[in-house]
Amino acid sequence: MAKTRSMDSSEERPTVTLRQQKGKKSISQTSGDEWQMIEYNDQKKIRRVVSLPQQECEEEFETKPPTAVWEFFQEVFLPRGYPDSVSSDYLEYQIWDSLQALGSSLAFNLSNHRVLKGLGVGDASASIIGATLTWMLKDGTGMIGRILFSYLKGFSLDVDCKKWRIFADIINDIAFLIDMISPIFSHYIILVQCSSGLLKSLVGTIGGSTRAAFTQHQARRKNLADVSAKDNSQETLVNLVALVLGLTIVPLIVPNATLTWISFIFFVIFHIYCNYKAVRAVKFEILNQARVAASVDQFLVHGDVLTVQEANNRENVWFFIAERWAGFTRFGVSISDHLESDRRATQVDRRSINKLGFLATYDSSGGIPLLVSFLKDKTDTRMKLRAIFFAHIMYLVATRDYIMVTIFPKIMEKVVENAHNDDYMRAQCADIVENLFEDYYNQLVDEEWDLDEIIFLEDGWRIRDIVGSSS
């Protein structure tokens, strides 16, 4: 009979005289004749130890020797040490990512044919200089677009990389669509191609940035460069396959305009679907504001937090669906922002610092009601998570959310009675945070969330101290 016991990451591993490794499991022969199978989590920490007879341990690890083809494929296209050197969602993501790249490449082949037709390729009356200038203006527009986008939105790519990844692929297909209609608007070809070039430049910026975030998540042995290089190899292989398919089917499709459009629409739908599945396959262990909000809702209603998989499955990945709490809080603002929001901030917020550990100003009449700033010496991940927890509680109370009405009916009754007293509502929310946050945090630890860092939007200001009354 197998004996199972959980093992904390702080416990010492058993003394090993013989060990085999396979995925997230290993077997070892400890002192005497005892054999153990050890299972690990994604952070390579021991999750549990199972005592098994020697025969069962060996059967668990029986594998057929890899073929020469598989060894070659693994060496060329998979990171060294696969699957232990990457995250558990690596293979599923890469399969869908490769399929979406195939669909995108095939759609590009069709749209590129239409671009060349719009530029006059094959038309004796077309101007070579005109086509050259159009191409140069298209590239120039794209360069300006990349610079402006990086300035305006670069800081948000890490926070919502799943959303931005889907967004990039949608505008990529819109750019292909513009290319497809370019022959119809041949008299406005410069405007059409500049619009297409601008969108494609944004795709390049967003795609490269979000790819870096995904790669950082996948690399588990400080092998970021290796994972990135193998990803490029996989993409190159897919593009070669798409090239062969393109050479085969494009000449058969393009003579028929109806068939061309039907094929293009099919490739675009296939591309977006595979991208959605790829993004959904990724299970980030790092919290962002969306995953925190989902886990706080779960914690308030059911008393437990979401697992990594559950939170990622609930996360919204569509940019056109706004988060319900969006625009409610600004983090990391300066003192002047607090003073503009509440002239009494130096007196009242001193007390909020003593209770919460950060500066919070709430003004229900303002554009963004809640402003939060961190002290310079209190900017650890735990404090930031506490601030996001507080902000979400404030949002639920301010909007009279059914969660708060159900869980804290007495508090909500008092808040409604003091509806015009913003300081009272903030104090009530601070009490809720003080009572619940530690339990919430400990449950996140138990569910193996990576709490070494947290990703959210903030302005970056830090406060040294506030001079004012603490009464």
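Preceding block: the structure.
Residues numbered from 1 in each chain as written. Predicted model: local features only at pLDDT ≥ 70, side-chain atom pairs only at ≥ 80, totals over all residues. Heavy atoms only, no water.

Peer 1: Please provide a residue-by-residue account of the overall build of the chain, values included.
Peer 2: Of regular secondary structure, the chain possesses 16 helices and eleven strands. Per-residue burial over the chain gives 47% buried out of 471 residues. Of the contacts formed within the chain by residues at least 6 apart in sequence, a portion of 73% connects residues at least 24 apart. Put simply, the chain shows about 24,600 Å² of open surface, and 57% of that area lies on carbon and sulfur atoms. (Helix = DSSP H or I, 4+ residues; strand = E, 2+ residues; numbered from the N terminus. Buried < 20%, exposed > 50% of the residue type's maximum accessible area, 1.4 Å probe, protein only. Contact = heavy atoms within 4.5 Å. Areas by Shrake-Rupley, 256 points an atom, 1.4 Å probe, with all protein chains shown as cover.)

Peer 1: Any chance you could break down the nonpolar core for me, citing the residues and the numbers?
Peer 2: One finds Leu-385, Ile-393 and Tyr-440 to be the most contacted residues of the largest nonpolar core, which totals 52 residues. Of all the elements, helix α13 (residues 381–398) adds the most residues to this core, at twelve residues. Not counting the four nearest positions on each side in its chain, Ile-393 is found in contact with Val-296, Leu-300, Met-404, Cys-429, Ile-432 and Val-433. (Core = buried A, V, L, I, M, F, W, Y, C linked by side-chain atoms within 4.5 Å.)

Peer 1: Quick rundown of the packing of aromatic side chains? Include the residues and the values.
Peer 2: Scanning all chains against the criterion turns up 26 aromatic pairs. Ring geometry for Trp-164 and Phe-167: centres 5.2 Å apart, planes at 90 degrees, overall edge-to-face. With Trp-164 and Phe-167 both in helix α5 (residues 161–181), this residue pair falls three residues apart, about one helical turn. Geometrically, the ring pair formed by Phe-167 and Phe-319 is edge-to-face, given 4.7 Å between the ring centres and 85 degrees between the ring planes. Here Phe-319 lies in the loop between α10 (308–314) and β7 (329–331) and Phe-167 lies in helix α5, a separation of 152 residues in the sequence. When its relative accessible area of 17% is taken as the criterion, Phe-167 is described as buried. The aromatic ring of Tyr-441 is capped on one face by Arg-382, whose charged end is 4.0 Å from the ring centroid. (Phe/Tyr/Trp six-rings, centres within 6.5 Å; stacked < 30°, edge-to-face > 60°. Lys NZ or Arg CZ within 6 Å of the ring centre and 35° of its normal.)

Peer 1: Go over the side chain of Ser-156 with me, naming the residues and quoting the values.
Peer 2: Structurally, the position occupied by Ser-156 is in the loop between α4 (128–153) and α5. Excluding residues that lie within four positions of it along the chain, Ser-156 makes contacts with Trp-164 and Leu-457.

Peer 1: So what's going on with α5? Residues and values would help.
Peer 2: For α5, built from 21 residues, the straight-helix expectation of 30 Å at 1.5 Å per residue is met to within 8% by its first-to-last C-alpha distance of 30 Å. Among the 21 residues in α5, 17 count as buried, and that is most of the element. (Expected span 1.5 Å × (residues − 1).)

Peer 1: Please provide a residue-by-residue account of the environment of Leu-245, values included.
Peer 2: Within the fold, Leu-245 resides in helix α7 (residues 224–253). Assessed through its relative accessible area of 34%, Leu-245 is described here as partly exposed. Considering only alpha carbons, one finds Leu-245 and Leu-102, 143 residues apart in sequence, at a separation of 9.6 Å. When sequence neighbours within four positions are dropped, the list of residues in contact with Leu-245 reads Leu-102, Leu-106 and Val-250.

Peer 1: How would you sum up the packing of α5 against helix α8 (residues 257–281)? Please name residues and give values.
Peer 2: Between α5 and α8, the least distance of the axes is 9 Å, while the angle of their chain directions is 170 degrees. Put simply, α5 runs roughly antiparallel to α8. Residues Lys-162, Arg-165, Ile-166, Asp-169, Ile-170, Asn-172, Asp-173, Phe-176, Leu-177, Met-180 and Ile-181 of α5 lie in contact with α8, whose contacting residues are Thr-260, Trp-261, Phe-264, Val-268, His-271, Ile-272, Asn-275, Tyr-276 and Val-279. Here the residues of the contact of α5 with α8 are counted per class, giving twelve nonpolar, four polar and four charged. (Axes fitted to C-alpha atoms, helices over the stretch in contact; angles between N-to-C directions. Parallel < 35°, antiparallel > 145°, perpendicular 65-115°, else oblique. Nonpolar A, V, L, I, M, F, W, Y, C, P; charged D, E, K, R; others polar.)

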